[in-house]
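Residues per chain, in single letters:
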Amino acid sequence: MSDPTIDPKISLRAVRKSFGDRQVLRDVSIDIFPSEVIAFVGSSGSGKSTLLRCVNLLEPVDDGVVLLDGVDISTPGLDADPIRRRIGMVFQSFNLFPHLSVLDNVALAPHRVAGLKRPAARERAERLLTRFGLADKTGAYPDQLSGGQQQRVAIARSLAMEPEVMLLDEITSALDPELVGEVLDVVRELKRQGMTMLLATHEMAFAREIADRVCLLHEGSILECSPPAQFFGSPREERTRQFLQRVIDSGRM
Amino acid sequence: MNATVPGMSDLPGTDASGLTRRQIFERRQRRRSIVVAALSTTVVIAAIVILVPMTPGWYRVRRSFFNGETFAETFPRLLDAFVLDLKIFAWCAPFILLWGLLLALARGVRTPALFPLRLFATAYTDVFRGVPVILTILLVGFGVPGLGLSRPWNSPYLWGSVALVLAYSAYVAEVFRAGIESVHESQRAAARSLGLSSGRTMRHVVLPQAIRRVVPPLMNDMVSLQKDVALISLIGPIEVLRQAGIDKSKFANFTPYLGAALLFILLTIPETRLVDHLQNRQRRRTGATAIR
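Conventions used here
- Residues numbered from 1 in each chain as written.
- Chains lettered and ligands numbered in written order.
- Predicted model: local features only at pLDDT ≥ 70, side-chain atom pairs only at ≥ 80, totals over all residues.
- Contact = placed C-beta atoms within 7 Å.
- Helix = DSSP H or I, 4+ residues; strand = E, 2+ residues; numbered from the N terminus.
- Nonpolar A, V, L, I, M, F, W, Y, C, P; charged D, E, K, R; others polar.
- Domains from an automatic or database assignment.
- Pairing = 2+ DSSP bridges.
- Axes fitted to C-alpha atoms, helices over the stretch in contact; angles between N-to-C directions.
- Buried ≥ 20, exposed ≤ 12 C-beta atoms within 10 Å, placed from the backbone.

Bringing the interface of chain B and chain A into the picture now. In this complex, chain B contributes 16 residues to the contact, which on the side of chain A involves 17 residues. Contributing elements (two or more residues each) for the side of chain B that touches chain A: α7 (185-193) and α8 (198-228) of chain B. Split by residue class, the side of chain B that touches chain A holds six nonpolar, seven polar and three charged.

Structure (structure tokens):
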């Protein structure tokens, strides 16, 4: 993935972020190439979520640069809305709009942001929902759905804006174990279609299967970033070994 | 094969009536509560009915407050006057809701250029929530027509209504603001991540949820408004309280006040029950069981 002829889709250069006195990201730098899938792993509070939120500007970075297709999107004062349209995000707690039907959850942004006429937006929403096996749920409301179904709707909602990059923030952490599979299937499909994805995850087996590179975040720094075979097989860093050992000890791998 | 499991009959299960232990317990509990409630109510009512007439002034009070003749004679007039209360309520309520919502939105404005707007909204709600409604009515109702405006701009109906709108919109604005703030930040994050601007996020994601949540407290304020319309009588309009006062003097009897009270109660009790119903429904929808 270090082909010099390919430009990175997203670059982080020495990104810093603090909440009060707590430094959450310390000089994080990484290039993510088109169609690459990066899995960020690390214990809670290591900065995984903040990193993703900084990429789509939900959190402004304190210092450093975020580049999308080589363009600095972290300039203070930049209008973030057109950039967010190009970057989809899916949250741990789904964050579906409870007052809207499943169909309208997905059709809202295409209609209100992308400017599609309502029928066209709904048609796009239906197509996406059908693709994720939710054709019979279009009229339902989010609280009538299982967690797995809600998360699939959330992914469809994000894809409805036809983003170039997807940020998946621990999207299976709030799910019952038996519902994790259906959501991961959707992510596998996205990977097959060549979607560039950044995921924060606790699912080591999944990270190993789907990621092109796995990155360990520790106290706000990327300690190691390597292909899964190496990351899980012969990690370079002592910290990575310790982290993997803890994961194995807790029976999560 | 034997269908009965050995020892199974010893376990607590369902009895002959097919009810579980808990259902039997709750049924007994329910019956007991009904009996206790009925008994205590009877005792209290009996005490009032027996003891109150034993007070030295009861005879006079009954004659001047519970006079059937005066009631029959004045009630139709009170009813007519009450229509004015309803009208004032009906034209004030929409303005209050709209103005209150605008104030709530103005208080949430973060653009520096619009800071004066925010300052105004904050000062406005502070002032009008701090001043008793009755004072606002007196000041606006007597003060503004005092500017020497010509008809119809000196009407006490107009300025009384304006005073009610001024006062109640401050309360309503706070209710809306609480509703807006109760919508979780993650909803905003989800909307913004889709590229919705902050305005559209407010309009399509936050407000619809906020308004749904504040319907019961808003209804509460509307019930209060319904009653406070009577305060306008102080600046002139002959609505039900004023009419009752006139009839009180005419008949030298307080029964008309009781009639007016009755009219308010007939209207507000169904309203409050509706609020309770809405609140319960909301609690059920959010999945919480009432803890006894």
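What follows covers the domain arrangement of chain B. With domains assigned, chain B is organised as domain 1 (19-54) and domain 2 (70-279). Put simply, the middle of domain 1 of chain B and the middle of domain 2 of chain B, counted by C-alpha atoms, are 39 Å apart.

Moving on: the sheet that holds strand β4 (residues 63-68) of chain A. Residue and element names in this part refer to chain A. Across the sheet, four strands lie side by side as β2-β1-β4-β5; this open sheet has antiparallel pairing. At either margin of the open sheet sits one strand with a lone partner, and together these are β2 (22-32) and β5 (71-72). Of the strand pairs in this sheet, strand β1 (residues 10-19) and β2 are connected by seven bridges, and their pairing is antiparallel. The residue bridging F19 from the neighbouring strand is R22, located in β2. Sitting on the sheet, helix α1 (residues 48-55) touches β1, β2 and β4, and the angle it makes with β2 is about 60 degrees.

This part is about the pairing of strand β9 (residues 213-218) of chain A. All names here are of chain A. Taking burial as the measure, the six residues of β9 include five buried ones, the bulk of the element. Here strand β3 (residues 37-41) runs beside β9; their pairing, made up of four bridges, is parallel. By the bridge assignment, A39 is partnered in β9 with V214. Across five bridges, the pairing between β9 and strand β10 (residues 221-226) is antiparallel. Directly across from C215, in β10, lies its bridge partner C225. From the end of β9 to the start of β10, which pair antiparallel, there are two residues, and E219 there has a positive phi angle of about 45 degrees.

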